[in-house]
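Commentary on secondary and tertiary structure
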Amino acid sequence: MNILTPQELADVMKEAAGDGFQSARCTEWAEGVKGLTSKQVWVNLSRESLRPAIQRLIDIHYPHVAVIAFADTGEQVDLIYHLYIYYGIPHEEVLITLTVSLDKTDLKIPTITDLIPGALTSEREKQEMLGIEVVGIPDGRRLFLPEDFPEGVYPWRKDESGIPSDMIKELWATGREGLPTCATCEAPPLAPASQGEPS
Amino acid sequence: MKTLEVKKPSGYTSQFGPAHPAFKEPVMFTLELEGERILKADFAPGQAHRGIEWMGMRRNCLQVVFLAERICGLCGITHALSFCRAVEQIAQIQPSNRAHYIRTIIAELERIHSHLLWAGVEAHQLGFDSAFYLALKVRENVLDLLEALTGSRVHYSVIQIGGVRRDITPEQCADIEKSLQFYDETYEKLVSIFLEDTSIKMRCRDTGVLTPELALKLCPVGPTARASGIRKDVRVDHPYAAYADLDIHPILPDEYTGEIRGDVYDRIVVRILELKQSIGIIRECIAKMPEEGDLLAIPKLGVLLAKLKAADGEAVGRHEAPRGEVMHYVRLTAGEEAPTAWKVKASSYSNYMAWIPMLEGDQIADIPVIVASIDPCISCTDRVAMVRGDHTELLTKDDLHRLSVERMRRIQAELSAG
Amino acid sequence: MNLNPLLLTVGGTLAMAAFGLFAGLSAMAVDRILAARMQARIGPPFRQPFLDMAKLMTKQNIIPANAVPWLFNGAPLVALAASISILLYLPMASFQFLPILNVYGDLVLIMYLLLLPALAMVIGGLSSGSPYATIGAQREMVTMIAYELPLAATVVAFAWKLSHAGLADPFSLATMAQTPIWSLVGPMGDIGVGLLLISMLMVVPGELGRIPFDAPEAETELAGGLLVEYSGRNLALFLLSLAVKTIVVGALIIALFFPYNLSGMVAIGNGLAARLADVGFFFVKLFVILFFSLSLVRISVARFRINQVVDVYWKIVGAISLIGLVLIMADSIIR
Amino acid sequence: MSFPMVKELLGQLLKKPNTNPFPAAQLPPTITGFLEKVGKGEASISPPVPTPVKFRGTMTYNRETCIGCNLCIRVCPAHAIEQVEGEKKVRFYLGQCISCGQCTEICPKKCLELNEEFLTADADRYSKDLILG
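Quick caveat, the model's predicted, so the values are computed rather than measured.

1. Re the overall build of chain D
For chain D, the count of helices and strands is four helices and five strands. Along chain D, helices and strands appear, N-terminal first, in the series α-α-β-α-β-β-α-β-β. A globule of 133 residues ought to have a C-alpha radius of gyration of about 14 Å, yet chain D, at 22 Å, is considerably larger. The principal-axis extent of the C-alpha atoms belonging to chain D is close to 70 × 45 × 25 Å. Within chain D, the fraction of its 133 residues that count as buried is 38%. Of the contacts formed within chain D by residues at least 6 apart in sequence, a portion of 60% connects residues at least 24 apart. For chain D, the accessible area works out to roughly 7800 Å², and carbon and sulfur atoms hold 61% of it. Across chain D, the mean location of the 16 positive side-chain charges is 6 Å away from that of the 14 negative side-chain charges.

Printed below as a string of structure tokens:
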């Protein structure tokens with residue numbers, strides 16, 4: 001198995017993504033006395049070219065899906081797929097990050113669990129925490145949120161569909177103003193339900 | 001390979017958890033059973049989800065370091081180290097090599113005490129309480145050492161963005177060497193008790209098997225993956241901290257047993273051998289630790305806060321936790337103190353999926369053993385969902401307190417009236 | 001002074017019940033303290049089991065909604081009564097008037113009475129209506145069947161040997177007390193009896209539901225299994241029946257294998273001194289048997305799965321007891 | 001057929017238990033009774049495991065030298081520090097402090113230290129001795 005350099009991998013991703021390809025960059029970071037560098041490839045691509053890119057990676061070396069991260073950037077939601085290849089070969093592992101930006105009006109993304117079953121946990125979490133609809137997900141139930149968590153509320157979203165302020169109960173603020181006398185146990189009203197910005 | 005011929009599911013569905021003596025943390029399993037055999041298993045985590053990521057996105061980076069450390073009681077350093085490495089890559093802060101070596105030493109000490117606790121808990125699930133007491137007795141030595149080095153037995157608060165907050169003085173190096181010698185002797189005893197005991201072999205051989213092909217597909221990490229033959233260890237594949245200067249290799253069960261079956265016994269083998277490896281790593285780190293080198297790249301916190309506020313970009317910080325790879329994805333935008341995005345991937349996050357194939361086909365007696373064999377680290381919660389009839393009500397800690405006070409008042413009233 | 005025999009029996013039974021309860025709880029206390037010390041722990045005070053039982057007696061006795069009340073409440077009583085009744089058939093130390101009901105019963109009856117507490121637990125577990133308890137009950141039945149084989153082999157070996165030696169009532173424990181088995185067999189027979197002793201010692205943890213054979217109420221798997229729904233007085237009765245059963249099993253092994261009395265061997269004169277010496281010697285024998293068959297075993301092995309329990313009892317322990325039986329027979333035929 | 005645990009257990013039988021019997025070897029009949037006896041000197045509390053040199057216990061706050069710059073509030077991860085209205089001082093809730101010691105490092109006037117006290121259990125999170133300043 002010949003080991004491709006990060007730049008070659010970026011080109012492979014570019015060619016696999018076709019016209020969905022947006023940008024790619026390679027970064028390095030060295031630590032320790034010997035200063036060996038760890039290699040990362042960051043690729044931005046569109047929703048349609050996600051599966052072909054992953055399929056291409058599977059042909060090179062069966063990738064390990066670490067997690068699908070997220071970022072709520074105002075009117076778009078970025079889904080960031082972290083995949084590792086060349087693990088098992090000392091100091092050769094490359095982290096390939098595929099970022100797909102979905103605008104909030106059309107939050108759909110095809111599933112990759114048929115290619116890599118290990119991604120199911122991450123996809124279910126994105127579905128319940130960000131409100132993204134993963135098309136073709138084999139098991140779309142909620143994973144971390146309880147059954148009685150209100151529908152339509154997506155905790156990681158920073159817009160109006162995020163957690164409303166009346167649901168926030170700052171435990172560190174509970175009972176701070178007047179000290180609660182245990183007899184009545186009525187904790188005094190909360191500090192004004194701010195978004196919890198650090199004062 | 002145990003083939004499971006699933007007949008007409010004539011069994012009954014039973015629930016294990018969320019509160020069950022086998023799980024020290026709440027996770028709910030719904031199992032379709034036929035007599036003692038498990039036909040189908042499904043699990044529902046999250047009874048202990050505290051919304052750490054949500055809290056993190058409302059704090060500045062210095063606060064998040066110590067919040068991250070309290071995600072898990074056992075692997076505190078892991079989350080702090082991963083988060084700090086991510087933020088350092090964004091803000092381009094390079095800690096000194098001495099700080100890298102101190103970080104590695106503390107991380108490996110944490111691996112020793114985490115593996116020892118896991119061995120004890122696994123023995124307890126097997127009903128072998130003496131091994132539990134022995135493992136925890138032996139673990140006290142490294143906890144006292146860590147308390148002397150970092151000031152606390154569990155949450156060490158040693159790692160800061162840009163380096164470490166405490167130095168390891170030569171006398172402390174001597175203390176470390178003394179406790180490493182203690183662990184050299186007890187290592188033989190642990191191997192004989194955990195790996196050569198007939199009753200443990202009877203219970204753990206060919207229980208909860210995760211075949212190498214399935215392991216490749218479900219992307220487990222850490223000892224769970226290595227026990228099924230996947231050569232994946234972040235310390236070897238990804239050069240970071242002082243691991244790049246040491247020649248270490250991923251531990252696979254065939255080093256001890258000569259074969260790889262991916263069952264619970266192999267996971268015990270991998271974790272016990274990793275104890276020996278950690279002892280070697282710490283010795284090598286102490287020997288090769290560079291003398292000079294400042295502990296913190298930016299000692300003044302005010303300056304650090306300003307630099308972090310100006311930082312912009314995204315990065316991934318990783319570390320090989322005792323249970324597997326921990327990865328923090330952080331994205332900072334200039335001008336905002338709080339991280340725009342912060343995703344924590346704990347090691348058990350990747351290992352959850354592996355429970356299903358392990359459980360199916362085994363017996364009820366194996367459930368606690370298999371569930372504990374991936375060393376799950378779920379965490380605790382502060383609210384209870386109560387089901388009355390079909391109406392589910394959410395009670396928080398204060399409601400529970402109010403209910404108990406009311407009940408006490410009622411009992412006192414009855415007593416005084418009676 | 002020939003007291004009315006009925007009064008004697010009733011008084012004897014009450015005394016024996018009190019003795020059984022007290023000795024049972026003390027055996028539990030000694031077992032817990034020694035197990036703790038061997039695990040480098042301080043362990044509870046000696047009076048801990050007594051405090052536990054007293055506390056359980058005052059605790060609320062909850063009957064689950066979908067349980068069968070009369071079965072649920074009846075089972076513990078049957079279990080305790082059965083355990084105590086076995087005590088009445090066992091000769092202890094050198095008391096002439098023991099066993100109280102000697103003329104009515106023998107080894108076969110004891111084997112059946114030994115089944116009753118376990119059966120009562122099964123009925124209690126099934127009637128409590130919790131899935132854990134039903135699984136626990138199924139496991140208890142399987143464990144019971146498993147350890148019947150070595151038990152039966154031992155009883156058959158003893159009875160056959162005594163009848164072959166021409167003794168009158170081969171199944172009665174009294175005859176076994178007078179003529180110890182060791183004196184009836186030659187060297188090869190001694191090995192046979194030794195094997196039977198080993199198999200009986202391995203039956204003790206299964207009989208009492210202790211690790212490694214405590215699958216029925218496996219704490220980490222079934223959260224208490226059979227006894228999961230029991231609380232308060234009912235739970236106390238079950239635990240007391242287990243405590244008494246500890247003494248019963250210990251006394252049974254002593255009666256079968258070590259019926260010797262100190263006063264017989266070492267002349268301490270007769271009367272009270274000899275009697276006390278015999279009682280002391282009986283307790284020493286009981287302590288040694290329970291230590292090696294119960295306390296040490298339950299902390300040095302892991303818990304077996306239910307199919308492994310059957311494998312161990314049928315293949316390993318069963319084989320040991322059958323070989324012992326064959327050796328005894330071969331010994332008496334050749335000699 | 002190997003049972004290595006047996007040798008270990010029998011060896012341990014003769015040695016001293018490993019438990020540190022703080023505060024008492026076994027649970028006394030009543031805690032308050034026991035504490036009264038200790039007060040009267042009839043009973044003694046066996047000491048806890050000694051804490052090492054730089055142990056991170058709870059906070060000590062020197063109210064005079066504090067200038068109310070609120071830098072410590074910015075770095076406290078647990079929101080355990082609160083501004084006192086009307087005064088240039090702060091208030092600490094030790095019930096919520098996680099002893100990370102970050103405020104001791106950022107305080108310009110060095111009026112904050114971590115001491116070695118760890119026996120701070122209390123029934124009420126906001127009891128008097130758990131609030132500084």
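From this point, things continue past the structure.
2. Focus: the overall build of chain A
Looking only at helices and strands, chain A features three helices and seven strands. For chain A, the succession of helices and strands along the chain, N to C, is α-β-β-α-β-β-β-β-α-β. Excluding contacts between residues fewer than 6 apart, the proportion of contacts in chain A whose partners are at least 24 apart in sequence is 53%. With the model as given, the accessible surface of chain A reaches about 8500 Å², and the carbon-plus-sulfur share is 55%.

3. Details of the packing of helix α1 (residues 5-38) of chain C against helix α9 (residues 232-257) of chain C
Residue and element names in this part refer to chain C. It is the contact of α1 with α9, at a shortest axis distance of 8 Å, that shows an interaxial angle of 90°. The angle between the axes of α1 and α9 places the two elements in the roughly perpendicular class. Across the interface between the two elements, F19, G20, L21, A23, G24, L25, A27 and M28 from α1 touch L240, A243, V244 and I247 from α9.

4. Some thoughts on the side chain of S231 of chain C
Residue and element names in this part refer to chain C. Mapped onto the elements of the fold, S231 is located in the loop between α8 (219-222) and α9. Owing to a relative accessible area of 16%, S231 belongs among the buried residues under this scheme. A distance of 3.0 Å separates a polar atom in the side chain of S231 from the backbone nitrogen of I62. S231 has contacts with Q60, N61 and I62, leaving out every residue within four places of it along the chain.

5. Points about a nonpolar patch on the surface
Residues and elements named next belong to chain D. Together, F22, L27, I31, L35, I45, F118 and L119 line one region of the surface with nonpolar side chains, adding up to about 670 Å² of accessible area. Positionally, F118 belongs in the loop between β4 (112-114) and β5 (131-132). Its relative accessible area of 38% is what places F118 among the partly exposed residues.

6. Some thoughts on the side chain of R56 of chain D
Here R56 of chain D lies in the loop between α2 (31-40) and β1 (59-61). Although R56 of chain D is buried, it forms no salt bridge, and the closest oppositely charged side chain is E69 of chain B at an N-O distance of 6.2 Å. A distance of 2.7 Å separates a polar side-chain atom of R56 of chain D from the backbone oxygen of Y156 of chain B. If we ignore the near neighbours within four places in the chain, the residues touching R56 of chain D are T150, G151, S152, H155, Y156, S157 and R166 of chain B together with S99, C100, L114 and N115 of chain D.

7. Describing the interface of chain A and chain B
Chain A puts 63 residues into the contact, and the matching count from chain B is 62 residues. In this assembly, chain A packs against chain B so that about 5600 Å² is buried in total across both faces, 59% of it on carbon and sulfur atoms. When the buried area of chain A at its contact with chain B is split by residue, W29, E31 and F144 of chain A rank highest and sum to 13% of it. Along the contact surface separating chain A from chain B lie seven salt bridges. Taking the shortest distance from any N to any O, the salt bridge between D78 of chain A and R331 of chain B comes out at 2.9 Å.

8. Structural notes on the environment of L130 of chain A
All names here are of chain A. Mapped onto the elements of the fold, L130 is located in helix α3 (residues 120-130). Measuring from C-alpha to C-alpha, the distance between L130 and G32 comes to 38 Å, with 98 residues separating the pair along the chain. With residues up to four places along the chain from it excluded, the contact list for L130 reads F70, V77, L79, L107, E125, Y154, W156 and R157.

9. Comments concerning the environment of R111 of chain B
Residue and element names in this part refer to chain B. The residue R111 is located in helix α4 (residues 97-125) in this model. Here the alpha-carbon distance between R111 and G229, two residues 118 residues apart in the chain, equals 21 Å. Aside from chain neighbours lying at most four places away, what touches R111 is R235, Y243, E274, S278, H319, E320, A321 and P322.

10. Remarks on the domain arrangement of chain D
The assigned domain composition of chain D is domain 1 (4-40) and domain 2 (59-132). A separation of 36 Å is found between the C-alpha centroids of domain 1 of chain D and domain 2 of chain D.

11. Looking at the interface of chain B and chain C
Listed per partner, the contact involves 27 residues of chain B and 23 residues of chain C. Here chain B packs against chain C, burying approximately 2200 Å² in sum over the two surfaces, 54% of which is carbon and sulfur. In terms of surface lost to chain C, no three residues of chain B exceed Y133, M202 and R203 of chain B, which account for 22% of the buried area on that side. On inspection of chain B and its partner chain C, the count reaches two salt bridges.

12. Observations concerning the sheet that holds strand β2 (residues 81-83) of chain D
All names here are of chain D. Within the open sheet, the three strands sit side by side as β2-β3-β5. Their pairing is antiparallel. Because the sheet does not close on itself, it has two edges, and the strands there are β2 and β5. Strand direction decides the pairing type here: β2 and strand β3 (residues 90-93), joined by three bridges, are antiparallel. Considered in β3, the bridge of E82 is made with R91.

13. Here we look at helix α2 (residues 50-60) of chain A
Residue and element names in this part refer to chain A. Within the span of α2, buried status applies to L50, A53, I54, L57, I58 and I60. The arc that holds the buried residues of α2, viewed along the axis, is 155°, so those residues lie on one side. The elements touched by buried residues of α2 are α1 (6-17), β2 (37-45), β4 (76-85), β5 (94-103) and β6 (108-110).

14. Points about the packing of aromatic side chains
In the structure shown here, the tally under the stated rule is 22 aromatic pairs over all chains. An angle of 5° between the planes, with centres 4.2 Å apart, marks the rings of F72 of chain C and Y230 of chain C as stacked. Of this pair, F72 of chain C sits in helix α3 (residues 69-87) while Y230 of chain C sits in the loop between α8 and α9, placing them 158 residues apart in sequence. The same class applies to F72 of chain C as to Y230 of chain C, namely buried. Through a chain of ring-to-ring contacts, the aromatic side chains of Y147, F213, F304 and Y313 of chain C assemble into a single cluster. Residue placement shows K232 of chain B over the ring face of Y87 of chain A; its charged tip is 5.8 Å from the ring centre. One residue, R271 of chain B, lies across the ring of W118 of chain B, its end atom 4.3 Å from the ring centre.

Parameters and conventions
Residues numbered from 1 in each chain as written. Chains lettered and ligands numbered in written order. Predicted model: local features only at pLDDT ≥ 70, side-chain atom pairs only at ≥ 80, totals over all residues. Heavy atoms only, no water. Helix = DSSP H or I, 4+ residues; strand = E, 2+ residues; numbered from the N terminus. Rg over C-alpha atoms; globule rule 2.2 N^0.38 Å. Buried < 20%, exposed > 50% of the residue type's maximum accessible area, 1.4 Å probe, protein only. Contact = heavy atoms within 4.5 Å. Areas by Shrake-Rupley, 256 points an atom, 1.4 Å probe, with all protein chains shown as cover. Lys, Arg positive; Asp, Glu negative; His and termini not counted. Charge placed at Lys NZ, Arg CZ, Asp CG, Glu CD. Axes fitted to C-alpha atoms, helices over the stretch in contact; angles between N-to-C directions. Parallel < 35°, antiparallel > 145°, perpendicular 65-115°, else oblique. Polar contact = N/O pair within 3.5 Å; in protein donor to acceptor, adjacent residues only side chain to side chain. Patch = residues over 30% accessible without salt bridge, like charges linked within 9 Å, V, L, I, M, F, W, Y side chains within 5 Å. Salt bridge = Lys/Arg side-chain N within 4 Å of Asp/Glu carboxyl O. Buried area = accessible area lost by both parts, 1.4 Å probe. Domains from an automatic or database assignment. Pairing = 2+ DSSP bridges. Arc of directions from axis to C-beta. Phe/Tyr/Trp six-rings, centres within 6.5 Å; stacked < 30°, edge-to-face > 60°. Lys NZ or Arg CZ within 6 Å of the ring centre and 35° of its normal.

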